[in-house]
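Listed here are the chains, written in short residue letters.
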Amino acid sequence: MAKVTRDDVARLAGTSTAVVSYVINNGPRPVAPATRERVLTAIRELGYRPDRVAQAMASRRTDLIGLIVPDARQPFFAEMAHAVEQAAADRGKMVLVGNSDYLDEREVHYLRAFLGMRVSGLILISQGPSEHAAIEIDAWDARVVLLHRRPDAIDDVAVVTDDVGGAQLATRHLLEHGLEYVACLGGVESTPVIGDPVTDHVEGWRRAMREAGRSTDGRLFQAPYNRYDAYRVALGILAGPDRPPGIVCTTDDQAIGVLRAARELRIDVPGELAVAGFDDVKEAALTDPPLTTVASDREAMARAAVDLVLDDSLRVAGGRRERLKQFPSRLVVRRSCGCG
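Residues numbered from 1 in each chain as written. Predicted model: local features only at pLDDT ≥ 70, side-chain atom pairs only at ≥ 80, totals over all residues. Heavy atoms only, no water.

Draft legend 1. Up close: unusual backbone geometry. Of the consecutive residues valine 269 and proline 270, the connecting peptide bond is found in the cis state with omega at 10 degrees. If you trace the backbone, proline 270 turns up in the loop between α11 (252–264) and β9 (274–276). Omega for the bond connecting aspartate 288 with proline 289 falls within 30 degrees of zero, at -5 degrees, which places this linkage in the cis form. Of note, proline 289 is situated in the loop between β9 and β10 (293–295). One non-glycine residue with positive phi stands out, namely aspartate 101, at about 55 degrees. Along the chain, aspartate 101 falls in the loop between β2 (94–99) and α6 (104–116). Looking at aspartate 101, the relative accessible area reads 33%, which means it is partly exposed. Phi is positive for aspartate 279, which is not a glycine, with a value near 130 degrees. (Helix = DSSP H or I, 4+ residues; strand = E, 2+ residues; numbered from the N terminus. Buried < 20%, exposed > 50% of the residue type's maximum accessible area, 1.4 Å probe, protein only.)

Below you can see the structure in the form of structure tokens.
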């Protein structure tokens, strides 16, 4: 049986091969609904299957978007990756996901691998300062959008949330419960990193504490972002002689670790310890007690990142490339802070 071609579809639908291409690729030009339906009917009747490999070779682009995340095991990155996949599917694209594991060399490895596959674009949730990644992106002249984090080394379009403002909201809210002060569980970096969400969360905590006339000296603790290591750090903090009355965590995963440590030490939350997180992962509503946290619109951020990486017209504002798209943060109040 002879292979069905695009010409066969065009003949049966009574249109041109260019129109068939517009229907299959959902653009770049619009197709009248009646014509689109004729083409789709012809495709079904003939059993036509587009040769994606040939298309990619001809256009030097595939229907793929590369997504690099630090660690897809962490709930925030897993939920963000899912949102990107959904947004890409709405645009007729598929997503390849790579985990950098917070390692510069793995981030560069996936950059090279995905760009070598001629992806339509690449969305990068960077693991760190990313100087080597910046060199690689420049060498490939790649279509890259930064998501969640904007490393100082990479001068490209970024989609982020208001991390400083969100942390201020959470800290102010805990202080409004009459706490003497609020401690902060930050990241593992000993010095601030420009463009890092956790650095911004710590800055938001500092600003809220200063506004309230509270000192931050000795009240910032370092911990990895995952719940397991944060739990071990929290055990030391909460079992010590200077246990804080409240803790703002820079990730929900850290906060889940803190709640576990408090339960193990028989510390009542929120009666003896108020806790707030950041990210509003789905599990935050199911912790005991439910976790007060800061949310961002992950679905809207994912759609913006996908649109920006695919559409040149959206990367330009007033004749210049739009450098930063920031989404607002909002406080999600549950019981771990003392409300409810």
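Draft legend 2. How the structure looks around the packing of aromatic side chains. Applying the stated rule across the entire model yields 3 aromatic pairs. With a centroid separation of 5.4 Å and an interplanar angle of 70 degrees, the aromatic rings of phenylalanine 76 and phenylalanine 77 are classed as edge-to-face. The buried category is assigned to phenylalanine 76, whose relative accessible area is 6%. Owing to a relative accessible area of 6%, phenylalanine 77 belongs among the buried residues under this scheme. (Phe/Tyr/Trp six-rings, centres within 6.5 Å; stacked < 30°, edge-to-face > 60°.)

None of this, on its own, says anything about what the molecule does.
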